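# Coordinates in review
For reference, the chains in residue letters:
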Amino acid sequence: MRAVKSPTLFAALTGVAALPAAADAAELAVSVEIPRLSVAEYHRPYVALWIEGPDEAAVKTLAVWYNGKLAKNEGASWLKDMRQWWRKAGRGLTLPADGVSGPTKAPGKHQIVVTAQQMAGVAPGQYSLVVEAAREVGGREVIRVPFSWPPKAGAKPATVAGTTELGAITVATKP
Amino acid sequence: MSIAIRTAVAAVIALAIAPAAQAHRSWLAPSATVLSGAEPWVTVDGAVSNTLFYPDHVAMRLDGLKAIGPDGAPVPIQNGSTGKYRSTFDLQLKTPGTYKISNASEGMSASYKLGGETKRWRGSAADFATAIPKDATEVQASSSARRVETFVTSGAPSTGALKVTGKGLELEPITHPNDLVASEKARFKLLADGKPASDVEVEVVLGATRYRAKGQEFKVKTGADGVFEVKWPEPGMYWIEASVRGQDPSGLARNSGYAATFEVLPD
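Residues numbered from 1 in each chain as written. Chains lettered and ligands numbered in written order. Predicted model: local features only at pLDDT ≥ 70, side-chain atom pairs only at ≥ 80, totals over all residues.

## Brief notes about the confidence of the model for chain B
Residue and element names in this part refer to chain B. For chain B, the mean per-residue pLDDT works out to 90, and 91% of the residues sit at or above 70. Within the model, pLDDT remains below 50 along residues 1-22, and this stretch shows 37 contacts once partners closer than five positions in the same chain are excluded. ipTM for the predicted complex: 0.84, alongside a pTM of 0.86. (pLDDT = per-residue confidence, 0-100. Contact = placed C-beta atoms within 7 Å.)

Shown next as structure tokens:
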């Protein structure tokens, strides 16, 4: 679980080293709900989370949950099923990537927190947090949740609910 | 070209010589066009039939088949076999990038009169000079160049395999052929012997017609620069075709045909 460990360690280090980091405390918290489905053959979905600008071009991939443990890296052969992500960002990335790739998740709510450090280089403006899920022997769903960056004080969390492969997606930002 | 001397006699374009199979559609149907993962495989069907992409007429001959890899070098065709209705073969995409699969054929056809009887001949340009009997009359000859293509990509699309040969009718992509989605228009350039083929009709046909009351079929035209634009009505496997009739530098009638299969993905 290097993906989880390294940001924590990084945050701890910067917290010690740089006290006047009020601006750097800004964060983007995303909650992704993977619904429990009553189907004969269930496989956990592949999920990609990324950020898009107003032109719908990908700015940054935040997370890719896929099976990276199969022999001959066979799990990577289904990455292209997250079609929008694959076309906009995935096909240009090398996976696994530290802090981005991780294993598939069980049904339930999963939280990822993106720090200001990780958002470095993202110009101020309106964005969409995009979640795409593709499931073997299942379907595909893409959800877009708007947010602005850097976070504004008092910004309310935004939630968009999926209907098939995804449950509620909530994006909360804090300055 | 010794052919030129003989065919200078040939008066008109030989309409009657086109084989019946040309009325049908030649196609290559890849199992996937956009792939991820290490060294993925694709399997491809090749056939000649009216209904896309159902092999129900004759198998495509694999003689002229070639695959070009991302670096522009040939890639081996594997497990090729020809059945009653279709041929199939496999291709392993060992390096990331775009691969062009094409089946190109060139040939000559002629009709002539010998002893009051009309004879027909088909063969290679090399054989033409000796194939027609010396005392044949009313020799009408034409050459043909046909090319059937498709494209597959592992990882990010690349352009190294897309170079044209400058022979016959060919497609020079402007929009990458493995970057097609239903919501975006695509543009391609049609070239005849390497030069823009202007004012040529391009037929666009959506496959899986068996399950539709009405097929999706339409025509677009190339501009002066050989460029044509396609607005895909919906995602699916599409087949496009164009043909031109003209003359080669020696004045010999020449038919060039181009067909390609494109996969248009949903958004």
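Okay, back to it.
## A closer look at the confidence of the model for chain A
Detailed reading of the predicted coordinates is not advisable wherever pLDDT is low. Model confidence for chain A is summarised by a mean pLDDT of 88, while 86% of its residues fall at 70 or above. Segment residues 1-22 of chain A is flagged for pLDDT under 50; beyond a separation of four residues in sequence, or across chains, it makes 13 contacts in the model.

## Some points on the interface of chain B and chain A
Facing the twelve residues of chain B at the interface are 13 residues of chain A. Along the lines of polarity and charge, the residues of the side of chain B that touches chain A split into seven nonpolar, three polar and two charged. (Nonpolar A, V, L, I, M, F, W, Y, C, P; charged D, E, K, R; others polar.)

## What to know about the pairing of strand E1 (residues 27-34) of chain A
Sheet faces and side chains relate simply in a regular strand, where the side chains alternate between the two faces. Residue and element names in this part refer to chain A. With burial as the criterion, only one face of E1 is covered, namely that bearing Leu-28, Val-30, Val-32 and Ile-34; the residues Glu-27, Ala-29, Ser-31 and Glu-33 on the opposite face remain uncovered. When E1 meets strand E5 (residues 108-115), the two strands line up antiparallel, connected through eight bridges. Across the sheet, Leu-28 pairs through a bridge with Val-114, a residue of E5. Relative to strand E9 (residues 168-174), E1 is paired through six bridges, and the arrangement is antiparallel. Along E9, the bridge assignment pairs Leu-28 with Thr-173. (Buried ≥ 20, exposed ≤ 12 C-beta atoms within 10 Å, placed from the backbone. Helix = DSSP H or I, 4+ residues; strand = E, 2+ residues; numbered from the N terminus. Pairing = 2+ DSSP bridges.)

## Comments concerning unusual backbone geometry
Between A:Leu95 and A:Pro96 the backbone carries a cis peptide bond, its omega angle lying at 0°. By secondary structure assignment, the location of A:Pro96 is in the loop between helix H2 (83-88) and strand E4 (101-102). Here the phi dihedral of B:Glu39 falls at roughly 45°; this positive angle occurs in a residue that is not glycine. Summarising the element assignment, B:Glu39 is placed in the loop between strand E2 (34-35) and strand E3 (41-49).

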